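Chain and residue survey
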Amino acid sequence: MGTVLIRPPGHRRDVALRPAATAMVWIGEGHPHETIAVPGVALGDRDVLVAVEMSTICGSDVHTVQGRRSAPAPLVLGHESVGRVIALGDDGAEAVDGTPLRIGDRVVWSVTVSCGTCDRCRRGLTQKCRDLGKYGHDRVGAHGDLTGAFASHVQLRAGTAIARVPEALPAAVLAPAGCATATAWAAVARAARDIDLDGAAVRIHGAGLVGISAAAIAAEHGAVVEVRDPDEDRRGFAARFGATALDRDPDVVIEASGHAVGEALAGVAVGGTVVLVGSVFPAAPVPLEAEDLVRRLVTVTGVHNYSADDLAAAVSFLAGRGRAYPFAEAVGAVRPLLDIDAALTEAAVPGAPLRVGLVPGR
């Protein structure tokens, strides 16, 4: 499969890569990934080129290769990564804290690319931008080949939220920050808009990485947290992230499994809030007892992806009080990037670790 760099309109700066970057291209269900060499990129004025340190396999990546989630091919999958800035466009770029990015900065970044000017972006719904782009979800071509995390390098476009991260934190902690951790922060923050979490009872359905991250975040907000999951080992792991048992109906329920929406709606206390964040492909319809929800004064809301502020807060949490939790252990295996097909198979089997890591050059 050849490499073609198609330049969007506007000023671009050519950056040669020696040795060439490597990208693993998914060409469709049932086919192994193809390896392509990318000898250079055309950086836009505010683009950032990052050398990947580690990427992790998210559930949506598994769903895509299994044909349970539609995606354009050819495609470089992957959207959970940590890496280091190696080149900047002519106008430079800023981190989410407003400071200029520099060559050598260690960073994580958002899964989404937003315009910042449309009506949704102005409302703060940047993850639903009218001109949305997503790393690991967009077909290779118009934005070059380095559009997903399952590669040695990723070309970050203007409109990407980029957060500088500490050198001391392990890559296994940081790589999922741009998906699982930031999404978990967004879910807990959404609940906190309705309910004071200090002393609140919080139930979380699903002990995946989003669920256990949400447990730790809610616990650090002062909540008493319960995590429900059919897997005994995962429930045991969740206990290390602050999960315990509730002695009353939960004020907040975060549904992070995609399988327990009905139970979440039925189990929340009067006046409580249900945050739906989990998803399965395809999702089964769920009956909605509207009268019951009205009479119990229940608020039901959804969270999909997150904002730049959520990413910044998630990184701050991991660098601060999150250090008390064993986030690094969630990445149960690390494989060479070139072994991506075996790694995806490993991530899909029953009893798989919460995340499998991929490292270029191993």
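A quick note: this is a predicted structure, and the numbers were derived from the prediction, not measured. All residue numbers here refer to positions counted from 1 along the written sequence of the relevant chain. With the structure being a predicted model, the display of local features is reserved for residues of pLDDT at least 70 and the display and counting of side-chain atom pairs for 80 or more, all residues being used for whole-chain, interface and lining totals. Computation of side-chain values: all heavy atoms of the structure, hydrogens and water removed.

Let's talk about the pattern of salt bridges
Inclusion rule: Between Lys or Arg on one side and Asp or Glu on the other, a salt bridge is scored when a side-chain nitrogen of the former is within 4 Å of a carboxyl oxygen of the latter. Strands here are runs of E lasting at least two residues and helices are runs of H or I lasting at least four, both read from the DSSP assignment and numbered beginning at the N terminus. Three exposure classes are used, based on accessible area relative to the maximum for each residue type with a 1.4 Å probe and protein chains only: buried under 20%, partly exposed in between, and exposed over 50%.
Per the stated rule, a full pass over the model turns up 19 salt bridges. Note that Glu220 and Arg321 form a salt bridge whose closest N and O atoms lie 2.6 Å from each other. Pair noted here: Glu220 is in helix α5 (residues 209-220) and Arg321 is in the loop between α9 (308-319) and β14 (331-336), with a separation of 101 residues, a long-range link. On the basis of relative accessible area, Arg321 is assigned to the exposed category, the value being 58%.

Some details on the packing of aromatic side chains
This is how it is decided: Any pair of Phe, Tyr and Trp rings, taking the six-membered ring for Trp, is counted once the centres come within 6.5 Å. Such a pair is stacked with planes under 30 degrees apart, edge-to-face with planes over 60 apart, and tilted for the rest.
Overall, the coordinates contain seven aromatic pairs when judged by the stated rule. Considering the side-chain rings of Phe317 and Phe327, the 6.1 Å spacing of their centres and the 90 degrees angle between planes classify their relative orientation as edge-to-face. Within this pair, whereas Phe317 is found in helix α9, its partner Phe327 is found in the loop between α9 and β14, the two being separated by 10 residues in sequence. The residues Phe317 and Phe327 share a single accessibility class, namely buried.

Describing the UniProt feature "domain: Alcohol dehydrogenase-like N-terminal" (unreviewed entry) in the protein chain
This is how it is decided: UniProt positions are given in the numbering used here, feature names are shortened, and annotations may be inferred rather than shown by experiment.
According to UniProt, the positions carrying the feature "domain: Alcohol dehydrogenase-like N-terminal" (unreviewed entry) are residues 44-161. Structurally, residues 44-161 is divided into 9% helix and 30% strand, and its ends, taken at the C-alpha atoms, are 16 Å apart.

Examining the packing of helix α4 (residues 180-192) against α9
Put simply, the rule is: To obtain each axis, a line is fitted to C-alpha atoms, and for helices this fit is confined to the stretch in contact; angles are then taken between N-to-C directions over 0 to 180 degrees. Relative orientations are named as follows: roughly parallel for angles under 35 degrees, roughly antiparallel for angles over 145 degrees, roughly perpendicular for angles from 65 to 115 degrees, and oblique for any other angle. Contact definition: two residues touch when any of their heavy atoms are within 4.5 Å. Put simply, Ala, Val, Leu, Ile, Met, Phe, Trp, Tyr, Cys and Pro go in the nonpolar bin, Asp, Glu, Lys and Arg in the charged bin, and everything else, Gly too, in the polar bin.
Taken N-terminus to C-terminus, the directions of α4 and α9 make an angle of 105 degrees; their axes are 8 Å apart at the nearest point. The pairing of α4 with α9 is recorded here as roughly perpendicular in orientation. Where α4 abuts α9, its residues Thr181, Ala182, Trp185 and Ala186 lie against Asp310, Leu311, Ala313, Ala314, Phe317 and Leu318. Of the residues contributing to the contact of α4 with α9, the split by class is eight nonpolar, one polar and one charged.

A few points about the pairing of strand β11 (residues 252-255)
As a general feature of sheets, a regular strand has side chains that alternate between the two faces. Note the following rule: For two strands to count as paired, DSSP must find a minimum of two bridges between them. When the strands point away from the viewer, a crossover counts as right-handed if the path from the first strand over the helix to the second runs clockwise.
The alternating pattern of β11 places Val252 and Ile254 and Val253 and Glu255 on opposite faces, both of which are buried. The pairing of strand β9 (residues 201-205) with β11 spans four bridges and is parallel. Residue Arg203 lies in a different strand from β11, and its bridge partner there is Val253. You can see the chain leave β11, run along helix α7 (residues 261-267) and come back into strand β12 (residues 273-276), and the turn it takes is right-handed.

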